[in-house]
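Spelled out, the chains give:
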Amino acid sequence: MIVTLTPNPSIDRTVALAGPLVRGGVHRTASAFSQAGGKGVNISRACLSAGVATTAVLPAAGDDPFVADLAAAGIAHRLAPGDGPVRVNLTISEPDGTTTKLNSPGATASPATLDALAATLRSLADEADWIVLAGSLPPGAPARWYADLVAELRTTTTTRIAVDTSDEPLVSLVDRLGPDTAPHLMKPNGEELASFTGADGAALEADPAAAAAAARTLLDRGVTEVLATLGGHGAVLVTADGAWHAIPPPTDVVSTVGAGDSSLFGYLLGGLRQQDPAHRLALAVAYGSAAAGLPGTTIPQPTQVRPDLVVVRALPSPLESDR
Ligand SMILES: O=P(O)(O)OC[C@@]1(O)O[C@H](CO)[C@@H](O)[C@@H]1O
């Protein structure tokens, strides 16, 4: 089972434009629709369609429309009482695949909500193969909340923990890394790798060897595996056994929202299937590129995922003296 935590879930409203976005212009939209989202929820959705047991943990009132959407989709969930309506995040999709996102802060989380989320995770931890902590933190949560939660879970369960977050919560997590406090898996993108290495995000995405070197700094501080997604440049995987780069198949990009979550799910799925690192990485990139070809936050079905079209190559190991 994969247990996901989404402390700041979102209703993802996608507006598709018939032409390019013009700042200050008036646009007639081609279509608009909403999906229950947030990074952990997207991963639980991917679990459901791939037949992997999952529980999504999140804050929301039982009568929030978000929860009705989750229930209609059949996603098992455990709720902490929410502190306000689930936020609405806006995606603007242009015909050439350019995706602009406007993410709201979300309701301010009370200490009681944060405690309830942590308690629910603790109660599910031992049944899970993976616990995935994903997305931003709501206002009211201290930036170190994920770092504290990982450190605490590491003392109470042996279940593996994956984290995908950004900004201050990521920086706090990285500051706190160590042999007993690190998550087992992290999934930064190029910008996120750059946020704690000081490099340029776009440059890292275009240079898989540099991205692998940045990811390796996390391994040196206790993380077991790093899956770094590099947008159209694919992804790199770094473990104690080596580093690999996967190149995606040519993809007609419709919306990149949910591509990173799909990649993380593909990677976990490969692990549950006992695949070797190169095959896990290929499945991650195949899931991510399938998601990029779908509108809004749509998560691919397994039949839409083509790991056979992904090219994986091993990256040279750095010399010890270079590390
Ligand atoms: O604001 P956060 O929590 O960082 O990201 C939220 C979000 O952009 O992440 C998902 C895509 O990864 C979307 O479903 C959702 O809108």
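One can find the structure itself at the top, above this paragraph.
Everything quoted here is computed from the prediction, not taken from an experiment. (Residues numbered from 1 in each chain as written. Predicted model: local features only at pLDDT ≥ 70, side-chain atom pairs only at ≥ 80, totals over all residues. Heavy atoms only, no water.)

A. Quick peek at the packing of aromatic side chains. In total, this model carries two aromatic pairs according to the counting rule given. For the ring pair tryptophan 145 and tyrosine 146, a centre distance of 6.1 Å and an interplane angle of 45° mean the geometry is tilted. The class of tryptophan 145 is buried, set by a relative accessible area of 9%. Since its relative accessible area comes to 0%, tyrosine 146 is described here as buried. For the pair phenylalanine 265 and tyrosine 287, a centre-to-centre distance of 5.2 Å together with 80° between the ring planes defines the contact as edge-to-face. With a gap of 22 residues between them, phenylalanine 265 in helix α9 (residues 259–272) and tyrosine 287 in helix α10 (residues 277–292) connect regions that are remote in the sequence. Of the residues examined, phenylalanine 265 reaches a relative accessible area of 0% and is grouped as buried. Given a relative accessible area of 1%, tyrosine 287 falls into the buried group. (Phe/Tyr/Trp six-rings, centres within 6.5 Å; stacked < 30°, edge-to-face > 60°. Buried < 20%, exposed > 50% of the residue type's maximum accessible area, 1.4 Å probe, protein only. Helix = DSSP H or I, 4+ residues; strand = E, 2+ residues; numbered from the N terminus.)

B. Just the sheet that holds strand β3 (residues 29–37), in detail. Pairing is mixed across the open sheet formed by four strands, whose spatial order is β3-β2-β6-β7. The sheet terminates laterally at β3 and β7 (99–102), the two strands that pair on one side only. Averaged over all adjacent pairs, the angle separating strand axes in this sheet is 20°, with direction ignored. Inspection of the sheet shows strand β6 (residues 87–93) paired to β7 by four bridges, in the antiparallel sense. Its bridge partner being in β7, serine 93 is matched across the sheet by threonine 99. (Pairing = 2+ DSSP bridges. Axes fitted to C-alpha atoms, helices over the stretch in contact; angles between N-to-C directions.)

C. The environment of proline 249, seen in detail. Considering the arrangement of structural elements, one finds proline 249 in the loop between β13 (242–247) and α9. In this structure proline 249 comes out as buried when scored by relative accessible area, which is 16%. Separated by 62 residues in the primary sequence, proline 249 and valine 311 place their C-alpha atoms 7.9 Å from one another. With near-sequence residues (within four places) excluded, proline 249 lies in contact with Ser289, Leu309 and Val310. (Contact = heavy atoms within 4.5 Å.)

D. The arrangement of the pairing of strand β8 (residues 130–134) in detail. With five of its five residues buried, β8 lies for the most part within the structure. Taking every second residue as pointing to the same face, both faces of β8 are buried, with Trp130, Val132 and Ala134 on one and Ile131 and Leu133 on the other. Inspection of the sheet shows strand β1 (residues 2–5) paired to β8 by four bridges, in the parallel sense. Bridge assignment links threonine 4 to a residue of β8, and that residue is valine 132. Where β8 and strand β9 (residues 160–164) come together, five bridges link them in parallel fashion. Its bridge partner being in β9, leucine 133 is matched across the sheet by valine 163. Note that the unit made of β8, helix α4 (residues 145–156) and β9 has a crossover that is right-handed. (Right-handed = clockwise from strand over helix to strand, strands pointing away.)

E. Local environment of the layout of surface pockets. The computed volume of the largest pocket comes to approximately 1,300 Å³. Lys39, Asn189, Thr256, Gly258 and Gly260 are the residues nearest the centre of the largest pocket, which is lined by 49 residues in total. Put simply, the parts of the chain that give the lining of the largest pocket at least two residues each are β2 (10–17), α1 (39–50), β6, β7, α5 (167–176), α6 (190–197), α9 and α10. Of all the elements, α10 adds the most residues to the lining of the largest pocket, at five residues. Here the residues of the lining of the largest pocket are counted per class, giving 13 nonpolar, 25 polar and eleven charged. (1 Å grid on protein atoms, 1.4 Å probe; cavity = no way out; pocket = protein on both sides within 12 Å on 5 of 7 lines; lining within 4 Å. Points joined across faces, edges and corners; volume = space filled by probe spheres on them. Nonpolar A, V, L, I, M, F, W, Y, C, P; charged D, E, K, R; others polar.)

F. Seen up close, the packing of α5 against α6. Where α5 contacts α6, the axes come no closer than 10 Å and their chain directions differ by 55°. The orientation of α5 with respect to α6, classified from their angle, is oblique. For α5 against α6, the interelement crossing comes out right-handed. On α6, the residues touching Leu170, Val171 and Val174 of α5 are Glu192, Ser195 and Phe196. (Parallel < 35°, antiparallel > 145°, perpendicular 65-115°, else oblique. Left-handed = near helix turned anticlockwise from the far one by under 90°.)

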